Amino acid sequence: MSDLKARFLEVYSVLKSELLNDPAFEFTDDSRQWFEQMLDYNVPGGKLNRGLSVIDSYKLLKEGKELSDDETFLSSALGWCIEWLQAYFLVLDDIMDSSHTRRGQPCWFRLPKVGMIAVNDGILLRNHIPRILKKHFRQKPYYVDLLDLFNEVEFQTACGQMIDLITTLVGEKDLSKYSLPIHRRIVQYKTAYYSFYLPVACALLMSGEDLEKHTNVKDILIEMGTYFQVQDDYLDCFGAPEVIGKIGTDIEDFKCSWLVVKALELSNEEQKKFLHENYGKEDLASVAKVKELYNTLKLQDVFVEYESKSYEKLIKFIEDHPSQAVQAVLKLFLGKIYKRQK
């Protein structure tokens, strides 16, 4: 484990301890045990890329200057706020999607003693964020901007989830509603804002920057987030479950995935009819038929071409940015996701 990740995890322990001793609530032994188990199961279990990106971005914006212990702690705390937000989204998302696994283990709500208590756990996770911000950032000049940023990004993400869910309504399965613009809209709001823009925006605020002056950075990161989600859609079907940490269910769930949108675009009438008949069905035979059509349409090759063009376009946008420090941040993000396998 890298020193950065080890120090980052130490900050998680500090924040968890503070929340377990929050004076606003008197814990019983049972509730304290539940609370701690729920946090450990859902918050620190992922790759932690979003959270660690805040520290990396802040370092680059400081142009290589060594961070003080306080700066390391505060950037880590903001990183953990994003990981808490991610945990909140995933706990509820898994319930909505009836998922079975997450990060290589059963979804939280699938545990026998948890079930629908997970809904309230999701609400608790969301409520930890302003408590962390209040304790550590209340005296900072950018405190209100931080609160506003997290509220705005949460709203955008929830709206993206809404578009995703109403596009895939059970009983109203209509593939004709699926298109690249709809897919892009879902992705932009559901994933790109919180996964890509939020970490950099946190680092910019810590650096004393005005986010209103960095709309071009936001645009580049949203584009990057779109590319990231297309990769996710691709890996859901073609990635190995033991590598990606979950069993892909986009086909069964009738998801507005990049793959099905591209398949509709490339299919002849007979193939479209075939897709309409098999997409969104839970039986393994239908799923296999859809995957077979994806192979017939050579969607793996289509994805490789998309990935290459996206990378070239993003590099051009990044190199047009006037600040070398901001360029370094954006290239760091792109480097982490280009040709990823999980």
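These numbers come from a predicted model, not from an experiment. (Residues numbered from 1 in each chain as written. Predicted model: local features only at pLDDT ≥ 70, side-chain atom pairs only at ≥ 80, totals over all residues. Heavy atoms only, no water.)

J.: Explanation requested: the domain arrangement of the protein chain in the structure shown.
T.: In many analyses, interface size is given as the accessible surface area lost on bringing the parts together. According to the domain assignment, the protein chain consists of domain 1 (1-139) and domain 2 (175-341). Using C-alpha coordinates to define each centre, domain 1 is positioned 25 Å away from domain 2. Across the contact, 24 residues belong to domain 1 and 24 residues belong to domain 2. Here domain 1 and domain 2 share an interface that buries about 2,000 Å² over both sides, 67% of which is from carbon and sulfur atoms. Three residues stand out in domain 1 for area buried against domain 2, namely Arg 50, Leu 60 and Leu 61, and they jointly supply 27% of the buried area on that side. Taken together, domain 1 and domain 2 are joined by three salt bridges. One salt bridge connects Lys 336 with Asp 56, and the closest N-O pair in it is separated by 3.3 Å. For the pair domain 1 and domain 2, the interface holds five residue pairs in polar contact (both at pLDDT 80 or more). Where the side of domain 1 that touches domain 2 is concerned, the elements lending two or more residues are helix H3 (49-61), helix H4 (69-97) and strand E1 (101-102). (Domains from an automatic or database assignment. Contact = heavy atoms within 4.5 Å. Buried area = accessible area lost by both parts, 1.4 Å probe. Salt bridge = Lys/Arg side-chain N within 4 Å of Asp/Glu carboxyl O. Polar contact = N/O pair within 3.5 Å; in protein donor to acceptor, adjacent residues only side chain to side chain. Helix = DSSP H or I, 4+ residues; strand = E, 2+ residues; numbered from the N terminus.)

J.: Explanation requested: the nonpolar core in the structure shown.
T.: As a rule of thumb, nonpolar side chains are buried together in soluble globular proteins. Core analysis: the biggest nonpolar cluster contains 79 residues, and Trp 84, Phe 150 and Met 224 have the highest contact counts within it. Looking at this core element by element, the count peaks at 14 residues for H4. The next biggest cluster of nonpolar side chains, apart from the first, holds 27 residues, and it includes Leu 235, Ile 244, Ala 263 and Val 290. (Core = buried A, V, L, I, M, F, W, Y, C linked by side-chain atoms within 4.5 Å. Buried < 20%, exposed > 50% of the residue type's maximum accessible area, 1.4 Å probe, protein only.)

J.: Explain the environment of Met 116 here, please?
T.: One can find Met 116 in the loop between strand E2 (105-106) and helix H5 (117-137). Using a relative accessible area of 53% as the deciding quantity, one classes Met 116 as exposed. For the pair Met 116 and Leu 92, spaced 24 residues apart in sequence, the C-alpha to C-alpha distance is 9.8 Å. The contacts of Met 116, once residues within four sequence positions are left out, are Ile 95 and Phe 109.

J.: For this particular structure, what's the right way to read the packing of aromatic side chains?
T.: One pair of aromatic rings is described through two measures. These are the centre distance and the angle between the planes. By the definition in use, this model includes 23 aromatic pairs. Ring centres of Tyr 41 and Trp 108 lie 5.1 Å apart, and the angle between their planes is 45°; on these two criteria the pair is classed as tilted. You can see Tyr 41 sitting in helix H2 (residues 29-42) and its partner Trp 108 sitting in the loop between E2 and H5, a full 67 residues away along the chain. Each member of the pair, Tyr 41 together with Trp 108, is buried. Centre to centre, the rings of Tyr 178 and Phe 254 are 5.2 Å apart; their planes meet at 45°, and the pair counts as tilted. (Phe/Tyr/Trp six-rings, centres within 6.5 Å; stacked < 30°, edge-to-face > 60°.)

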